[in-house]
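Remarks on the overall topology
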Amino acid sequence: MAKRTTKKTNSNELDGQEFFAAIAQIEQEKGIKPGYMMEKVTQALLSAYRRDHEDVGDNLVVEANEETATVRLFLKKEVVESVDDPGTEISLDEARAALPRAQLGDVIRIEIKPKSFGRIAAQTARQVIIQGIREAEQGMIYDEFCTKEHELLTGVVTRIDPRSGSVTLRIHAGEQFTDAYLGPNEQVKGERCVEGQRLKVFVVEVRRSSKGPQVLISRTHPGLVKRLFELEVPEIYDGTVEIRSVAREAGSRTKLAVWSVDPNVDPIGACVGPRGQRVNTIVDELKGEKMDIIKWSEDPTAYIAAALSPADVISVEELPDGKSCRVVVPDDQLSLAIGREGQNARLAAKLTGYKIDIKPASAPLEPIEVPKTDMEEPLFQEEDGAPESEPQKAPEEEE
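Throughout this description, residue numbers start from 1 for each chain and increase along the sequence as written. Where totals are concerned, whole chains, interfaces and linings use all residues; where local detail is concerned, this predicted model gives features only for residues with pLDDT of at least 70, and gives and counts side-chain atom pairs only at 80 or more. The side-chain numbers reported here are obtained from all heavy atoms of the structure, hydrogens and water having been left aside.

1. A word on the overall build of the protein
- Helices and strands together make up the secondary structure of the protein, namely eleven helices and 15 strands.
- When burial is assessed residue by residue, the protein has 36% of its 399 residues classed as buried.
- In what follows, residue pairs with any heavy atoms lying within 4.5 Å of each other are defined as contacts. Relative to all contacts within the protein whose residues are 6 or more apart in sequence, the contacts with residues 24 or more apart total 58%.
- The method behind every accessible area is Shrake-Rupley, applied with a 1.4 Å probe, and residues are considered shielded solely by the protein chains displayed. About 26,200 Å² of surface is accessible on the protein, with carbon and sulfur atoms providing 47% of the total. Helix numbering and strand numbering both begin at the N terminus, where a helix is a DSSP run of H or I of at least 4 residues and a strand a DSSP run of E of at least 2. For each residue, the accessible area found with a 1.4 Å probe, counting protein chains only, is set against the maximum for its type, and the residue is called buried under 20%, exposed over 50%, and partly exposed in between.

Shown next, in the form of structure tokens:
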């Protein structure tokens, strides 16, 4: 006896179980929050129907019930005697053919078969869903990398532009990854990269753009040196030693001012490490960049004198404006204090925030002009060319 087969009847509903299973799978694979894809699919169904029926307006309704595994699309129409707008109105006779109790003024819902959408409408729905997935992924990447601002990340060089020298790196943050652009101005001068090389970069900023999140990275930012010391020096990581200021000229030299919360801990010795191992690791990462580590001080004169190391300083005199100072050094230390092309003095000024005027000990020092105040000005001032007034005599008594 032949096996009896049952013919599937066409339904106005989507295959609900497969539909919800597909949404759950997408959300799980992409890490998208639950409910987001249902919202995008709803928008896709509405956009698909409006693609061929622009006059329906806001009368479309999508009902998705996960418990019963049904997704249905309805068009609301008002029952009228004379139909002027077929997209939103229906005649009384047509309405009663579907609902015998329909009356004038009622609003009835007509179910639409999503499977009957045309090819163009289906493509519209597909684009809406793909765009929704892309926006969700970009949003997750932006949120993840926003937590990494001003942090150190390791990237892999994927492309080098031979014309401009710019480098493209693939960087990861948690489970998310993106490609970041390292421009020539953000690269250390003289540093050469090869594809597949791993580089530590400093995340300067994360921005939103039309093409997705844009992560701005740098190899020349002073924050890169600070984060490298946090990785290598446990005392900085746990807060015992603090980095108070950093002045850097990438690829050449960096000055670092450190301070210890614990008086028993030497901040400079902690940063240098036994036999210089800690600082040497950072110097190797920065391709031989020199490191000057000094002790921060609340006293500006002591702080400025230390900032000019390795030069010896005889005296530091703070000027009245509070933003500049005059430093006296031995004659044989003048070139060392200034540095090659003024680099040492320039970095010291950046580190301390003071404008530094360096003088040799043999040069005569000019007197510091103290600005006059109103109290120091004479009470009376004679006009130019006017003779000084003589003291008045007492009037003589009349005889």
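Having seen it, we continue.
2. Observations regarding the packing of aromatic side chains
- Each Phe, Tyr or Trp ring, with Trp reduced to its six-membered ring, pairs with another whose centre is within 6.5 Å; inter-plane angles below 30 degrees give stacked pairs, above 60 give edge-to-face pairs, and intermediate values give tilted ones. Under the definition given, this model contains two aromatic pairs.
- Ring geometry for Trp259 versus Trp296: centroids 6.2 Å apart, planes at 80 degrees, classification edge-to-face. Residue Trp259 is located in strand β11 (residues 253-260), and its partner Trp296 is located in the loop between β12 (290-295) and α9 (300-307); the two are separated by 37 residues in the primary sequence.
- Between the aromatic rings of Trp296 and Tyr303, the centroid separation amounts to 6.4 Å while the plane-to-plane angle is 65 degrees, which identifies the pairing as edge-to-face. Taken individually, Trp296 and Tyr303 each receive the classification buried, so the pair is uniform in this respect.
- Here the aromatic residues Trp259, Trp296 and Tyr303 are joined through ring pairs into a cluster of three or more.

3. Remarks on unusual backbone geometry
- Across the junction of Ser309 and Pro310, the peptide omega takes the value 15 degrees, indicating a cis bond.
- Examined against the element boundaries, Pro310 turns out to sit in the loop between α9 and β13 (315-318).
- Despite not being glycine, Arg275 has its phi angle at roughly 55 degrees, a positive value.
- With respect to the helices and strands, the residue Arg275 is situated in the loop between α7 (267-272) and α8 (277-285).
- In this structure, Lys287 is a non-glycine residue whose phi angle is positive, near 60 degrees.
- Tracing the chain through its elements places Lys287 in the loop between α8 and β12.

4. Describing the sheet that holds strand β15 (residues 355-360)
- Any two strands with at least two DSSP bridges between them are considered paired. Judged by pairing direction, the sheet is mixed, and its three strands sit side by side in the order β13-β14-β15 without closing on themselves. At either end of the open sheet lies a strand with only one pairing partner, and these are β13 and β15. If you compare each strand with its neighbour and ignore which way they point, the axes differ by 20 degrees on average.
- The pairing of strand β14 (residues 324-329) with β15 spans six bridges and is classified as parallel. Looking at the pairing, Val328 lines up with Lys359 of β15.
- Only C-alpha atoms enter the line fits that serve as axes; for helices the fit covers just the stretch in contact. Angles between N-to-C directions range over 0 to 180 degrees. Here α9 sits on the sheet in contact with β13, β14 and β15, set at roughly 130 degrees to β13.

5. Let's talk about the packing of α9 against helix α11 (residues 343-352)
- Viewed as axis vectors pointing N to C, α9 and α11 meet at an angle of 145 degrees, and their least axial separation amounts to 9 Å. The element α9 and its partner α11 pack so that their crossing is right-handed. Across the interface between the two elements, Tyr303, Ile304 and Ala307 from α9 touch Ala348, Leu351 and Thr352 from α11.
- Gly counts as polar in this scheme, as do all residues outside two lists: the nonpolar Ala, Val, Leu, Ile, Met, Phe, Trp, Tyr, Cys and Pro, and the charged Asp, Glu, Lys and Arg. Partitioning the contact of α9 with α11 into residue classes produces five nonpolar, one polar and no charged. Two helices that cross are described as forming a left-handed crossing if the nearer one is turned anticlockwise from the farther one by less than a right angle, and a right-handed crossing if clockwise.

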